[in-house]
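Spelled out, the chains give:
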Amino acid sequence: MNFQFNFTIEDHLEKELTPLGDGALMLDSSKELSVLESQKGEQRDRKCSMEQFDLPQDHLREHKSVENGAHSQDTDSPLSAALSSSHLEPHEEQPCLRVAKEHAMPKDLKKVLENKIIETLPGLQHVNLSAVKTILLKDNFPGENVVSKSFPSHTDLITGVYEGGLKIWECTFDLLTYFTKAKVKFAGKKVLDLGCGSGLLGIIAFKGGANEIHFQDYNSMVIDEVTLPNVVANSTLEDEENDVNEPDVKRCRKSKVVQELYKCQFFSGEWSEFCKLVLSSEKPFVKYDLILTSETIYNPDYYSTLHQTFLRLLGKNGQVLLASKAHYFGVGGGVHLFQKFVEERGVFETRTLQIIDEGLKRFIIELTFKCPG
Ligand SMILES: C[S@@+](CC[C@H](N)C(=O)[O-])C[C@H]1O[C@@H](n2cnc3c(N)ncnc32)[C@H](O)[C@@H]1O
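Values in this document were obtained by computation on a predicted structure and should not be read as measured data. By convention here, each chain's residues receive numbers from 1 onward along its written sequence. Per-residue local features are limited, in this predicted model, to residues with pLDDT of at least 70; the limit for side-chain atom pairs, both in listing and counting, is 80 or more; totals at the level of whole chains, interfaces and linings are taken over all residues.

(A) Quick look at the overall build of the chain. In this text, helices come from DSSP runs of H or I with a minimum length of four residues, and strands from runs of E with a minimum of two, each type numbered from the N-terminal end. Scanning the chain for helices and strands turns up 13 helices and 12 strands. With C-beta atoms placed from the backbone, a residue is buried if 20 or more other C-beta atoms are within 10 Å of its own, exposed if 12 or fewer are, and partly exposed between those counts. In the chain, which comprises 373 residues, the proportion classed as buried is 43%. Intrachain contacts of the chain at a sequence separation of at least 6 include 70% that bridge at least 24 residues. Here contacts are defined at the residue level, using C-beta atoms placed from the backbone and a cut-off of 7 Å between them.

As structure tokens, this is what we get:
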């Protein structure tokens, strides 16, 4: 299986990057956008400027007010400086701001798994992604038309349009193995699977007794067609395994499954938009004990937003478990660059938990607040 980025974006696709519906705030070809092409082995980086979206001022004010409300640290501390930074440096502007939304758990759980082929990994079920893509292509999926853009050209991601959630990336498996090896505890925790794609990390937390599990992906279609079905597959199938004939027992089990599923919430959208949404949805917002994230540091343009997301959403004694390849060719990101970025901001401590030295080196790193108080 090939887990390398595989950029084969053709020029006509770039020109098609116009509004996509589904809340996406995209650019047309006359504006700037990050598009990566490995064929040329170079990164052409045309950023969306904040002004182009008419969002920046409100967006930044909102960051500031929420942050000011949530923290009362000494204004000289790196944490407070990072939280109160009212602007992003030009190179730190977010390439795109896809509006965030919450996806409700459908009432008819059976429908969620309709037309899905279920595959099995040890202790996990997941939908077959090729089948999902084929159906999406065939049905000319409305809204985010990312499959028709990425699938025929075998593109793993299109920056700002499709960020790779229709594939299970290698580092997800590294983190899954690490969970078992390190006996990571999920019970009673509030967990975020950030950039979840298939959501397998969050599903393990769900199965491990986490109290609340939030799944976030950039693309709404990934949440609806992959993450949500995977979560449902990992609850209802288990229920069916213990098949019983008595209707009362069956009903009781079913309602227990539904109750359990309500521990899970699903969100799509760009990270800063996601932060805004969750921070305003619960008052006061209870921060995450654990943020799990795999293969989300490939693009240095996103580091500032990602760092802000950790900063705003992680509980003071919380932990981020991040899995990544050492380097992402063609995109430029990687573990060392990200660790340097984090260290320069002085808010989080990073610790390497594991190095997987097979083929392309991969890492599991932990981020915790330097001064939890
Ligand atoms: C390469 S995929 C990895 C998917 C999954 N974690 C895995 O390991 O299989 C990167 C994920 O990060 C998310 N992502 C990347 N950049 C993002 C951004 N700027 N805002 C929101 N989500 C983003 C996308 O949703 C995408 O699913």
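(B) Looking closely at the site of the ligand. Near, for a residue, is defined by distance from a backbone-placed C-beta atom to a molecule or strand, with 6 Å as the limit that must not be exceeded. The local shell around the ligand holds 21 residues, among which Gly-164, Gly-165, Gly-195, Gly-197 and Tyr-218 are the closest. Under this grouping Gly is polar, as are all residues other than the nonpolar Ala, Val, Leu, Ile, Met, Phe, Trp, Tyr, Cys and Pro and the charged Asp, Glu, Lys and Arg. Among the residues forming the shell around the ligand, the class breakdown is 7 nonpolar, 10 polar and 4 charged.

(C) Looking closely at the nonpolar core. Counting residues in each nonpolar core, the largest one holds 68 residues, and the members touching the most others are Leu-175, Val-191, Ala-205, Ile-291, Leu-292, Phe-310 and Leu-313. Not counting residues up to four positions away in its chain, the partners in contact with Ile-291 are Leu-192, Leu-194, Phe-310, Leu-313, Leu-314, Gly-318 and Val-320. In plain words, the nonpolar core is the set of buried Ala, Val, Leu, Ile, Met, Phe, Trp, Tyr and Cys residues that C-beta atoms within 7 Å link up.

(D) Focus on the sheet that holds strand E3 (residues 101–103). Should DSSP find at least two bridges between two strands, the strands are taken to pair. Here we have 8 strands laid out as an open sheet, ordered E3-E8-E7-E6-E9-E10-E12-E11, and mixed in their pairing. Taken across any chain shown, the strands that pair with only one partner, and hence form the sheet edges, are E3 and strand E11 (348–356). Strand-to-strand twist of the sheet, defined as the mean angle between neighbouring strand axes without regard to direction, takes the value 20°. In this sheet, strand E9 (residues 288–294) lies alongside strand E6 (residues 190–194) in parallel orientation, the contact comprising 4 bridges. Bridge pairing in E9 links Asp-193 to Leu-292. Geometry is summarised by axes, namely lines fitted to C-alpha atoms with helices restricted to the contacting stretch, and by angles between N-to-C directions that run from 0 to 180 degrees.

(E) Local environment of the environment of Leu-109. Mapped onto the secondary structure, Leu-109 falls in helix H4 (residues 109–112). It is 29 Å that separates the C-alpha atoms of Leu-109 and Cys-171, two residues lying 62 residues apart in sequence.

(F) Structural detail: the pairing of E6. Of all 5 residues in E6, 5 are buried; the element is thus mostly enclosed. Side chains Lys-190, Leu-192 and Leu-194 project from E6 onto one buried face, and the interleaved Val-191 and Asp-193 project onto a second face that is buried too.

(G) Highlighting the environment of Leu-261. Looking at the element boundaries, Leu-261 is found in helix H10 (residues 247–261). Considering only alpha carbons, one finds Leu-261 and Asn-230, 31 residues apart in sequence, at a separation of 12 Å. Not counting the four nearest positions on each side in its chain, Leu-261 is found in contact with Met-105, Val-231 and Ser-235.

(H) Structural context of unusual backbone geometry. Put simply, Lys-283 and Pro-284 share a cis peptide bond, and its omega is -10°. Residue position: Pro-284 is located in the loop between helix H11 (271–281) and E9. The residue Asn-115 is not glycine, and still its phi comes out positive at about 65°. Within the element layout of this structure, Asn-115 appears in the loop between H4 and strand E4 (118–121). The exposed category is assigned to Asn-115, around which 12 C-beta atoms lie within 10 Å. In this structure, Lys-183 is a non-glycine residue whose phi angle is positive, near 50°. Inspection of the secondary structure puts Lys-183 in the loop between helix H7 (170–181) and E6.

(I) Structural context of H11. Counting buried positions along H11 yields 8 of 11 residues, so the element is predominantly enclosed. Buried residues of H11: Trp-271, Ser-272, Glu-273, Phe-274, Cys-275, Lys-276, Val-278 and Leu-279, and no others.

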